[in-house]
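# Structural features, examined
Below, each chain spelled out in residue letters.
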Amino acid sequence: MTGLKIHQDKCVGCGLCVKTCAADALAIQNKKAVVNEACILCGMCLDSCPFKAISIEKQAAPKEDLSAYHGIWIYAEQQQGKILQVAYELLGKGQELAKQKGCKLTALLFGNDVANEAQSLIVYGADEVLLCEHPLLDTQIDENYIDLFDQLIQERKPEILLFGATGFGRSIAPRIAARRQTGLTADCTILDIDSENGLLNQTRPAFGGNLMATIICPNHRPQMATVRPGIMQVQPCDEAHTGEIIRVDYADPDASKTASVELLEQVIAAHVNTIADADIIISAGKGIGSQKNMELVKRLAELMGGVVGVSRPLVDIGWSEYQNQVGQTGSTVSPKLLITFGISGAIQHLAGISGAKTIIAVNTDPEAPIFSVAHYKVVADCVEILKHMIANLEARPENGLLIEESKDKLS
Amino acid sequence: MKIAVCIKQVPSTNEVHMDPVTNTIIRDGKQSVTNPFDTYALEQAVQIKDHLGGEVIALSMGIPATERLLRDATSRGADRSLLLSDRSFAGADTLATSYTLSLGIRELGGVDLILCGKMAVDGDTAQIGPELAEQLGLPHVTDVLAIDAIDEQTVLCRKATDNGYQRLKVTLPALLTVVKDLNMPRMSSLPGILYSLDSPFESKTAADLSADPARIGLNGSPTQVVRTYVPQRIREAIVLEGDESQLAEDLLNIYSEVI
């Protein structure tokens, strides 16, 4: 019988699970936890129980033969013929996983006229490249890709298939998973092979990064995940590494069937230094006090060669634009350096900055939650710190020159 | 035009906090709200209905209490609502959920357009839209930031991409997932609230939908959560002290070190 099971011998009636349950499905009766029909089997209570007194019973799935599935595949997404950084990150992680499993690492390269990129996938770790070239793969129209993936999975049976969690990856991967009726874990930040059962442990942040959840896909293949860009390490280029490039055919679509999604125009925004891929972010929250102080934040960002980020309240009150918003409903960022001024650190904001390598937080409130994720804590007046940093940088000779030059231009 | 809008009940995240002693999530109040992204999908559906005529149906899979959120949708322009609720739906991952929702869409019959929020703010998977489209064999477009034109056969829309946007022509029926800020969701009006109290509402069980027991709920879910844990911070923050000028200098030194 499928359902939540409370092991009477282990339960001490402490009530921790009751507090954890979001569905109001648990209560303590006669010093034991009891579950009611509001339970949605979310599993949150399992890890809340220090006594391991709760488990989820699942009907045993009919055992399929999974032994035919071998190898790790990564999708090497390209745009305009150029392979995205996240593909090299997937190769970096993929090498490690392939070594643990003792299997081959295969990169999938699809596009129009992209063959010259295949070798770079090999020197960055691929043992094999499945290359498919066709004019229909030139643009990122989902349906042109999904059949190809599906066909290759059926023919070649990979055990693991990884995508970058890009806009395109997160659009096609669920469709492919649903067509194969297999599992898919979104936006993973940690991947490893379980040493006992050989399964892929797929770990991702939940609840805005306050909780990590490890997910497995035990009885279906391939095990699929999208992986957050900017997290996995690229391994050094190895010119001596060899691999095979295998061309696969693209099955022309049924000519009688008209495409249901037609691309009218592809607009690539001029490359602006967006917060999502910035190395340095100077970020401001309500604690900066007034809108005029945004000028200080912008000036500091300019002097440091960074971009401005803001918390959601500043967008809501109109001090900044949505494209600068960092957090769950804004952008996820992973800069080398993030300096926050007057950001207290709501859960939704913290969710967006967990990838930052170094975080310096400046806030007047020593208890602000932002300090719980910061590497450096500065309890001080933001505006004063901003002004001093700007003055310090402007006084440097290299910047002095810039200031002189711009003065010349102005005069 | 018959438009279905998928709605998810999510915990109000403002009320999620950590218990520092036990390192577990505490959700006081148990207040649930409509997933914010879904409110933009609903508003878009109602605007299309206002333009072309037709019907908007709010659809959800959830516990019986989700009726409150579905009725709320009917106070903001949806005509009626359908809840898929059954004990056996519990524990569903995105594949099982999208299968169940596909049964709901089939139950409604003749749906021309399905609108979903880009993702739910509790799970952040953004998988239900594309998986639902696949289960129904319909085309889909994710991350729609504007609908430029729509008639009974086609929709012209703009899809946000990582580095710009695409303008797409989509043949209906189809499924679109929408980003935030493509419109300004309306508030419930007084007539709307009065309407919602008696708006047509149906709840269907797995048996009503002739659901395949092997494809719903926990049993129909290929993925399993094996562990949840609170990420441990490796280090405490280094506290910097001094006057502002000194602090500014310290921060700039860190800047030179890490860049």
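By convention here, each chain's residues receive numbers from 1 onward along its written sequence. By the order in which they are written, chains take letters starting at A while ligands take numbers starting at 1. Given that this is a predicted model, residues contribute local features only at a pLDDT of at least 70 and side-chain atom pairs are listed and counted only at 80 or more, while totals for whole chains, interfaces and linings are drawn from all residues.

The subject of this paragraph is helix 10 (residues 382–394) of chain A. Here a helix means four or more residues in a row that DSSP labels H or I, a strand means two or more in a row labelled E, and each is numbered from the N terminus. The span one expects for a helix is its residue count, reduced by one, times 1.5 Å. Taking 1.5 Å per residue as the helical rise, helix 10 of chain A with its 13 residues ought to reach 18 Å, and the 18 Å between its terminal C-alpha atoms agrees with that figure. Note on burial: count the other C-beta atoms lying within 10 Å of the residue's C-beta; 20 or more is buried, 12 or fewer is exposed, in between is partly exposed, and C-beta positions come from the backbone. Those residues of helix 10 of chain A lying buried are C382, V383, I385, L386, H388 and M389 of chain A. Two residues qualify as a contact pair if the distance between their C-beta atoms, derived from the backbone, is within 7 Å. Buried residues in helix 10 of chain A make contact with helix 7 (294–304), strand 20 (337–341), strand 21 (358–363) and strand 22 (376–379) of chain A together with helix 6 (244–258) of chain B.

Per the annotation, domain bounds derive from an automatic or database assignment of domains. Taken as a whole, chain A is organised into domain 1 (3–57), domain 2 (72–247) and domain 3 (275–410). Each of domain 2 of chain A and domain 3 of chain A has a C-alpha centre, and the two are 34 Å apart.

A few words now on unusual backbone geometry. Cis geometry is found at the peptide bond from R221 of chain A to P222 of chain A, where omega equals -5°. Structurally, the position occupied by P222 of chain A is in the loop between strand 14 (211–216) and strand 15 (223–227). Along the chain, L172 of chain B connects to P173 of chain B via a cis peptide bond; the corresponding omega equals 0°. The residue P173 of chain B is located in the loop between strand 11 (164–171) and strand 12 (174–178) in this model. Of note in the backbone geometry, N30 of chain A takes a positive phi value of approximately 50° without being a glycine. As for its placement among the helices and strands, N30 of chain A is situated in the loop between strand 2 (26–29) and strand 3 (32–35). Its identity is not glycine, yet Q80 of chain A carries a phi of approximately 50°, on the positive side.

Next up on the list: the environment of I146 of chain A. Residues and elements named next belong to chain A. Here I146 lies in helix 5 (residues 142–156). Using a count of 19 C-beta atoms within 10 Å as the deciding quantity, one classes I146 as partly exposed. Here the alpha-carbon distance between I146 and I72, two residues 74 residues apart in the chain, equals 18 Å. Each residue touching I146, except ones within four places of it in the same chain, is listed here: I172, R175, I176 and R179.

Whenever strands of a sheet pair, they do so through backbone hydrogen bonds, lying parallel or antiparallel. Residue and element names in this part refer to chain A. Note on pairing: DSSP must find at least two bridges between two strands before they are called paired. Pairing is parallel across the open sheet formed by seven strands, whose spatial order is 11-15-10-5-8-9-16. Of all the strands in the sheet, just strand 11 (184–188) and strand 16 (244–247) have a single pairing partner and so form its edges. The average angle at which neighbouring strand axes cross in this sheet is 20°, direction not considered. The strands touched by helix 3 (residues 85–101) within the sheet are strand 5 (72–75), strand 8 (105–111), strand 10 (160–164) and strand 15, with strand 5 carrying the most contacts at an inclination of about 175°. Structural elements are reduced to axes, namely lines fitted to C-alpha atoms, with helices fitted over the stretch in contact, and the angle between N-to-C directions of any two is expressed from 0 to 180 degrees.

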